[in-house]
Amino acid sequence: QVQLVESGGGLVQAGGSLRLSCTTASGRTFSSSAMGWFRQAPGKEREFVAAISWSGGNTNYGDSMKGRLVISRDNAKNTGYLQMNSLKPEDTAVYYCAASNLPSDISQTYYYWGQGTQVTVSS
């Protein structure tokens, strides 16, 4: 049993958009946790994408997709979101959400992880 579950991945053409969602697997509410998004392509290291504080007041974005995405959360719905726009073939990867105390870009600081959702961008 995993703590978090991602959804919303799929196949899109270059220039298209996707919105990923993240919620608890058990249906329990998040604690006062920050939420981060990471991605990993085959043969490559896991890469930081974005993070948001528990209140939504503080956000951080990685360099690769900065300017092409918006991270948000709706605590009333117990769900986090990652809106991705102007997608490129190099964005193809498995995308993971995770929970931590702070919206850090360091994967080792996250203590709960989802199983990932596949995003594939065609030319």
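Keep in mind it's a predicted model, so treat the numbers as computed, not measured. (Residues numbered from 1 in each chain as written. Predicted model: local features only at pLDDT ≥ 70, side-chain atom pairs only at ≥ 80, totals over all residues. Heavy atoms only, no water.)

A.B. asks: Would you take a moment to explain the packing of aromatic side chains for this structure?
C.D. replies: Two aromatic rings are characterised by how far apart their centres lie and by the angle between their planes. Enumeration according to the criterion identifies five aromatic pairs in this entry. In this structure, R46 is placed above the aromatic ring of W113, and the distance from its NZ or CZ to the ring centre is 4.7 Å. (Phe/Tyr/Trp six-rings, centres within 6.5 Å; stacked < 30°, edge-to-face > 60°. Lys NZ or Arg CZ within 6 Å of the ring centre and 35° of its normal.)

A.B. asks: Which parts of the structure should I look at to understand the sheet that holds strand β1 (residues 4–7)?
C.D. replies: Within a sheet, adjacent strands bond to each other through the backbone by hydrogen bonds, running parallel or antiparallel. Pairing is antiparallel across the open sheet formed by four strands, whose spatial order is β1-β3-β8-β7. Looking at which strands have only one partner, the edges of the open sheet turn out to be β1 and β7 (69–74). Within the sheet, the average angular offset between the axes of one strand and its neighbour, ignoring direction, is 15°. Relative to strand β3 (residues 18–24), β1 runs antiparallel, the two being bridged by four bridges. Note on β3: the bridge partner recorded for E6 is C22. (Pairing = 2+ DSSP bridges. Helix = DSSP H or I, 4+ residues; strand = E, 2+ residues; numbered from the N terminus. Axes fitted to C-alpha atoms, helices over the stretch in contact; angles between N-to-C directions.)

A.B. asks: What's the story with the pattern of salt bridges in this structure? I'm lost.
C.D. replies: Counted by the stated rule, this structure contains three salt bridges. A salt bridge links D91 to R39; the shortest N-O distance between them is 2.9 Å. Taken together, the residues D91 in the loop between β8 (79–84) and β9 (93–100) and R39 in strand β4 (residues 34–40) connect sequence positions 52 residues apart. The same class applies to D91 and to R39, which are both buried. One salt bridge connects R68 with D91, and the closest N-O pair in it is separated by 2.8 Å. Taken together, the positions of R68 in the loop between β6 (59–61) and β7 and D91 in the loop between β8 and β9 put the pair 23 residues apart, joining distant regions of the chain. Taken individually, R68 and D91 each receive the classification buried, so the pair is uniform in this respect. Among the ionic contacts, a cluster of salt bridges with common partners joins R39, E47, R68 and D91. (Salt bridge = Lys/Arg side-chain N within 4 Å of Asp/Glu carboxyl O. Buried < 20%, exposed > 50% of the residue type's maximum accessible area, 1.4 Å probe, protein only.)

A.B. asks: Would you mind showing me how to read the environment of S33 here?
C.D. replies: Mapped onto the elements of the fold, S33 is located in the loop between β3 and β4. Classification of S33 by relative accessible area gives buried; the value is 3%. Taking C-alpha positions, S33 is 15 Å from V5, a pair spaced 28 residues apart along the chain. Residues contacting S33, with those up to four places away along its chain left out, are S53, W54, R73, A99, S100 and Y111. (Contact = heavy atoms within 4.5 Å.)

Read these as geometric descriptors, not functional statements.
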